[in-house]
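# Remarks on the overall topology
The lines below spell out each chain.
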Amino acid sequence: NAGVMQNPRHLVRRRGQEARLRCSPMKGHSHVYWYRQLPEEGLKFMVYLQKENIIDESGMPKERFSAEFPKEGPSILRIQQVVRGDSAAYFCASSPPLGPYEQYFGPGTRLTVT
Amino acid sequence: AQTVTQSQPEMSVQEAETVTLSCTYDTSESDYYLFWYKQPPSRQMILVIRQEAYKQQNATENRFSVNFQKAAKSFSLKISDSQLGDAAMYFCAKTAGNKLTFGGGTRVLVKP
């Protein structure tokens, strides 16, 4: 049973470009969560999605950030017009339909904005 | 906002010895879950142990055990017989609605 997959593992973007981060949940998991980890800090919640629905986006910055989890395919976290402050590790987690009590994390995508 | 606090930025332990990491939190919920995650240099988040708040019995997983004090809102992790592979960042986390809230982490150094 493959774990949570994230790609790319490393992403370098110049200021003003767009970043797209992908997450494929574990088989049988229909809930996806995105977290951001700044250097030397803990993970901070960004958004919680189920298939075709955003359930909780209380941790998402109001501008430039968006997320989706389509009926088919991976969940996408999109950052438009990246700035240096967006440099961080972005983690995706998935859980089974029962809820957030068993979240399994992907390896993360390290975004560097130059 | 609910918070999770890890007051020890770094802990050092001799190989084969025991180390205890502290975690406190605030909440108004009666039912929730608590977790300890390990993050080695690879940055992969690895679930170490999980505790359900309505269970009084402390969770254990091999060399890892917790001391859960619900009234004190305390959730410490004990690593027994420490091994070199235990060296990592350790994060305490708590469910808060649909998400996890994490502490700031404790770096564990293991001396051979």
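### Details of the overall build of chain B
- In terms of helices and strands, chain B carries 0 helices and 12 strands.
- Reading the helices (α) and strands (β) of chain B from amino to carboxyl end gives β-β-β-β-β-β-β-β-β-β-β-β.
- Relative to the globule expectation of 13 Å for 112 residues, the C-alpha radius of gyration of chain B, 13 Å, shows essentially globular dimensions.
- Overall, chain B is about 40 × 25 × 20 Å in size when its C-alpha atoms are taken along their principal axes.
- Residues counted as buried form 48% of the 112 residues belonging to chain B.
- On chain B, roughly 5400 Å² of surface is accessible, and the fraction owed to carbon and sulfur atoms is 46%.
- With 12 positive and 10 negative side-chain charges, chain B shows a separation of 5 Å between the mean positions of the two kinds.

### Comments concerning the state of the cysteines
- What the rule picks out here adds up to 2 disulfides over all chains.
- Between Cys23 of chain A and Cys92 of chain A runs a disulfide, and the two sulfur atoms are separated by 1.7 Å. Across the S-S bond of Cys23 of chain A and Cys92 of chain A the torsion is about -50 degrees, and the bridge reads as left-handed. Of this pair, Cys23 of chain A sits in strand E3 (residues 19-24) while Cys92 of chain A sits in strand E9 (residues 88-95), placing them 69 residues apart in sequence.
- Between the sulfur atoms of Cys23 of chain B and its disulfide mate Cys92 of chain B the distance is 2.0 Å. On the sign convention where negative means left-handed, the S-S torsion of about -70 degrees between Cys23 of chain B and Cys92 of chain B marks this disulfide as left-handed. In this pair, Cys23 of chain B sits in the loop between strand E3 (19-21) and strand E4 (24-25) while Cys92 of chain B sits in strand E10 (residues 88-96), placing the two residues 69 residues apart along the sequence. Taken as a pair, Cys23 of chain B and Cys92 of chain B share a single burial class, namely buried.

### Here we look at the interface of chain B and chain A
- Taken residue by residue, the interface counts 19 residues in chain B and 23 residues in chain A.
- Interface area, chain B with chain A, both sides summed: about 1800 Å², of which 53% is carbon and sulfur.
- For chain B, the biggest contributors to the area lost against chain A are Arg43, Asn98 and Lys99 of chain B; these three give 33% of the whole.
- Lys99 of chain B serves as the salt-bridge partner of Asp56 of chain A, at 3.6 Å between the closest nitrogen and oxygen.
- On inspection of chain B and its partner chain A, the count reaches 7 residue pairs in polar contact (both at pLDDT 80 or more).
- Those elements giving two or more residues to the side of chain B that touches chain A turn out to be strand E5 (33-39), E10 and strand E11 (99-102) of chain B.

### Some points on the sheet that holds E3 of chain A
Residue and element names in this part refer to chain A.
- Spatially, 4 strands are ordered E1-E3-E8-E7 in an open sheet, and the strand pairing comes out antiparallel. The two strands at the open ends of the sheet, each matched to only one other strand, are strand E1 (5-7) and strand E7 (65-68). Between one strand axis and the next, the sheet turns by 15 degrees as a mean value, whatever way the strands run.
- Here 5 bridges tie E3 to strand E8 (residues 75-79), and the two strands are oriented antiparallel to one another. In the sheet register, Ala19 faces E8, and the bridge partner there is Ile79.

Rules and cut-offs
- Per chain, residues are indexed from 1 in the order of the written sequence.
- A letter from A marks each chain and a number from 1 marks each ligand, given out in the order of writing.
- At least 70 in pLDDT is required for a residue's local features to be given in this predicted model, at least 80 for side-chain atom pairs to be given and counted, and no such filter applies to totals for whole chains, interfaces and linings, which use all residues.
- Side-chain numbers here rest on the full set of heavy atoms in the structure, without hydrogens or water.
- Under the scheme used here, helices are H or I runs from DSSP no shorter than 4 residues and strands are E runs no shorter than 2 residues, and both carry numbers assigned from the N terminus.
- This radius of gyration counts C-alpha atoms alone. The globule rule is 2.2 Å times how many residues there are, raised to the power 0.38.
- A 1.4 Å probe rolled over the protein chains alone gives each residue an accessible area, and that area as a share of the maximum for its type sets the label: buried under 20%, exposed over 50%, partly exposed in between.
- Residue burial considers only the protein chains on display, and all accessible areas are found by Shrake-Rupley using a 1.4 Å probe.
- His is not counted, nor are the chain ends; Lys and Arg add positive charge and Asp and Glu add negative charge.
- For charged residues, the charge sits on one atom: NZ in Lys, CZ in Arg, CG in Asp, CD in Glu.
- The disulfide criterion used throughout: a pair of cysteine sulfur atoms within 2.5 Å.
- The contact criterion used is simple: two residues touch if any of their non-hydrogen atoms lie within 4.5 Å.
- Summed over both partners, the accessible area (1.4 Å probe) lost when two parts come together is defined as the buried area.
- Salt bridges are defined by distance alone: a side-chain nitrogen of Lys or Arg within 4 Å of a carboxyl oxygen of Asp or Glu.
- As used in this structure description, the phrase polar contact means that two N or O atoms lie within 3.5 Å; if the pair is within protein, one of them must be able to donate a hydrogen and the other to accept it, and residues adjacent in sequence are counted only when both atoms belong to side chains.
- When DSSP finds two or more bridges between a pair of strands, those strands are recorded as paired.
- Lines fitted to C-alpha atoms define the axes here, with helix axes fitted over just the stretch in contact, and angles between the N-to-C directions of these axes take values from 0 to 180 degrees.

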